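What follows is each chain in one-letter form.
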Amino acid sequence: MNIRSLKFDGKALHIVDQRCLPFDVIDVICSNEQEVWEAIKLMKIRGAPAIGVAAAYGMNLGVKDFSGNKEEFFKKLKEVKDYLNSARPTAVNLKWATQRIFSYARKHAEQSLDEIKQEILVEAQRIEEEDIDTNFRIGEFGSALFKENDTIMTICNSGALATAGYGTAFGVIRRSFEKYTGIKAIALETRPYLQGARLTAFELKELGIPFHLITDNMAGFIVSKGLVNGIVVGADRIATNGDTANKVGTYTLAVLANYHKIPFYVAAPISTIDPHIESGNDIPIEERDPEEVTHCGGKRIAPEGIKVYNPSFDLTPNVLINAIITEKGILRQPFKESIKEILKNN
Ligand code: MRU
């Protein structure tokens, strides 16, 4: 499958507008940090690793035409960082990527302004390339947890569109399909934004992976019938105790998996672990526009003047997670220890 969430052409960032998929492939061109911010905010690009990579290029776009002294340059770079970070609050990959660019630029502060700008671009490209490699590794490690004829359930979209390529949780399904015969997937539609119906179904179909699409409220029945061997999901932020924020609906699946004694796995790069957050309670959860709930496909489906909750993510306590699949290997309970160890060696 050739679709890529983003591509940098040396001057501008090209993003496939994910709001228009699966029907139209529309290229959005971001030439400055405001356009990158808007693309992230409006979810033209979404998925934790993908918004991290986009923001890394946003850092480049925010300072590439800057002229002034070095002190002013770093002040501007910090402003661009804080501005991009404000686009969405939950996925830590956004802050991780902008901070990585900022620290890298600081490390090269002795060089000329043009050289620092060049270093920023190179580091953004490195973040993009590393993400693809990371996802292959996650896919490889994760596929070892599955076997021939397994059916794997997932929520939201954690595929090529949510990353720089291949995908995290989706990558585990993809690699399992490449390795074993009889692999099937079950994709939850993922109301209200429908990342599952619009994006995961699109990617699974393109790759020829056999799957069924279900609405979110069907998951319980399907699992209770013994039709699912394991559930694998992505993550937007993981606390150091393993508590995980991911697309709303993930927690429900974790409870379900636990009740029915099937494994529940989180697949994410180490950059999704926030070393400053000790438990899920400290992870900020984004609340989005109530219209995402009251409307579907641009059409109102609920009465006017009602109250709506629209948290975009939920929190899965670490006790419900059997393993966290990273690019450095599979983390097991107690996550406090295994996460500490992996962060130490990273
Ligand atoms: O609101 P979104 O579409 O950005 O949410 C995406 C998710 O929740 C994904 O599961 C998560 O970012 C992991 S993607 C590799």
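Residues numbered from 1 in each chain as written. Predicted model: local features only at pLDDT ≥ 70, side-chain atom pairs only at ≥ 80, totals over all residues. Heavy atoms only, no water.

For the rest of this paragraph, the subject is the pattern of salt bridges. Taken as a whole, this structure holds 23 salt bridges when the rule is applied. Note that Asp65 and Lys64 form a salt bridge whose closest N and O atoms lie 3.2 Å from each other. Overall, Asp65 belongs to the exposed group, its relative accessible area being 65%. Lys64 sits in the partly exposed class, given a relative accessible area of 27%. (Salt bridge = Lys/Arg side-chain N within 4 Å of Asp/Glu carboxyl O. Buried < 20%, exposed > 50% of the residue type's maximum accessible area, 1.4 Å probe, protein only.)

Each packed pair of helices is defined by two parameters, the angle between the axes and the distance between the axes. Between helix α3 (residues 70-85) and helix α5 (residues 113-143), the least distance of the axes is 11 Å, while the angle of their chain directions is 25 degrees. Comparing their axes, α5 and α3 come out roughly parallel. Here α3 runs over α5; the crossing is right-handed. Only Leu113, Ile116, Lys117 and Ile120 of α5 make contact with α3, whose side of the interface consists of Lys70, Phe73, Phe74 and Leu77. Residues belonging to the contact of α3 with α5 are distributed by class as follows: six nonpolar, no polar and two charged. (Axes fitted to C-alpha atoms, helices over the stretch in contact; angles between N-to-C directions. Helix = DSSP H or I, 4+ residues; strand = E, 2+ residues; numbered from the N terminus. Parallel < 35°, antiparallel > 145°, perpendicular 65-115°, else oblique. Left-handed = near helix turned anticlockwise from the far one by under 90°. Contact = heavy atoms within 4.5 Å. Nonpolar A, V, L, I, M, F, W, Y, C, P; charged D, E, K, R; others polar.)

If you check the shell around the ligand, you find 19 residues, and the closest are Arg46, Gln195, Asp236, Asn246 and Lys247. At 2.8 Å, a backbone N or O of Ala48 approaches an oxygen atom of the ligand. At 2.8 Å from an oxygen atom of the ligand is found a side-chain nitrogen or oxygen belonging to Arg88. When the ligand is considered free in solution it has 410 Å² of accessible area, and contact with the protein chains removes 100% of it. When contributions to the shell around the ligand are tallied by element, the ones reaching two or more residues are α2 (48-63) and β9 (244-247). Looking at side-chain class alone, the shell around the ligand contains seven nonpolar, eight polar and four charged residues. (Near = heavy atom within 4 Å. Polar contact = N/O pair within 3.5 Å; in protein donor to acceptor, adjacent residues only side chain to side chain. Areas by Shrake-Rupley, 256 points an atom, 1.4 Å probe, with all protein chains shown as cover.)

A separate point is the side chain of His295. Mapped onto the elements, His295 comes out in strand β11 (residues 295-296). Residue classification places His295 among the buried positions, given a relative accessible area of 15%.

In this section: the environment of Ile132. Within the secondary structure layout, Ile132 lies in helix α5. Separated by 33 residues in sequence, Ile132 and Gly165 have C-alpha atoms that sit 5.1 Å apart. Ignoring any residue separated from it by four or fewer positions in sequence, one finds Ile132 in contact with Ala164 and Gly165.

Next up on the list: the environment of Ala162. Mapping Ala162 onto the fold places it in the loop between β4 (151-154) and α6 (169-179). A C-alpha to C-alpha distance of 4.0 Å links Ala162 and Gly47, two positions 115 residues apart in sequence.

Applying the stated rule across the entire model yields seven aromatic pairs. Taken together, a centroid distance of 4.5 Å and an interplanar angle of 10 degrees make the contact between Phe8 and Tyr57 stacked. Remark: Tyr57 occurs in helix α2 and Phe8 occurs in strand β1 (residues 6-8); sequence separation between them is 49 residues. Both residues of the pair, Phe8 and Tyr57, count as buried. With 5.4 Å between their ring centres and 85 degrees between their planes, Phe73 and Phe74 make a pair best called edge-to-face. Ring pairing ties together the aromatic residues Phe66, Phe73, Phe74 and Phe102, which thus form one cluster. The ring centre of Phe74 lies 4.2 Å from the NZ or CZ of Arg106, which sits over that ring. Between Lys247 and the ring centre of Phe313, over which it is positioned, the NZ or CZ distance is 4.2 Å. (Phe/Tyr/Trp six-rings, centres within 6.5 Å; stacked < 30°, edge-to-face > 60°. Lys NZ or Arg CZ within 6 Å of the ring centre and 35° of its normal.)

Taking 1.5 Å of rise per residue, 16 residues should cover 22 Å, and α2 covers 23 Å from first to last C-alpha, within 8% of that figure. The buried fraction of α2 amounts to 16 of the 16 residues, a majority that puts the element mostly inside the structure. (Expected span 1.5 Å × (residues − 1).)

In this section: the domain arrangement of the chain. Interface size, as often reported, equals the accessible area lost upon joining of the parts. What the domain assignment lists for the chain is domain 1 (6-135) and domain 2 (143-344). When each unit is reduced to the centre of its C-alpha atoms, the spacing between domain 1 and domain 2 is 25 Å. The interface of domain 1 with domain 2 comprises 26 residues on the first partner and 31 residues on the second. Roughly 2400 Å² of surface becomes buried between domain 1 and domain 2 when both sides are summed, with 56% attributable to carbon and sulfur atoms. Sorting the residues of domain 1 by area buried against domain 2 places Arg46, Thr90 and Asn135 first, and these three jointly supply 25% of that buried surface. Along the contact surface separating domain 1 from domain 2 lie 15 residue pairs in polar contact (both at pLDDT 80 or more). Those elements giving two or more residues to the side of domain 1 that touches domain 2 turn out to be α2, α4 (92-107) and α5. Tallying contributions element by element places α5 first for the side of domain 1 that touches domain 2, with five residues. (Domains from an automatic or database assignment. Buried area = accessible area lost by both parts, 1.4 Å probe.)

What follows is about the sheet that holds strand β2 (residues 13-16). Pairing in this open sheet of three strands is antiparallel, and the strands run β1-β2-β3 from one edge to the other. With partners counted over all chains shown, the strands left at the sheet margins are β1 and β3 (27-30), one partner each. The average angle at which neighbouring strand axes cross in this sheet is 20 degrees, direction not considered. Pairing geometry for β2 and β3, over four bridges, is antiparallel. Paired with Val16 across the bridge in β3 is Asp27. Running over the sheet, α2 touches β1, β2 and β3 and is turned about 25 degrees from β1. (Pairing = 2+ DSSP bridges.)

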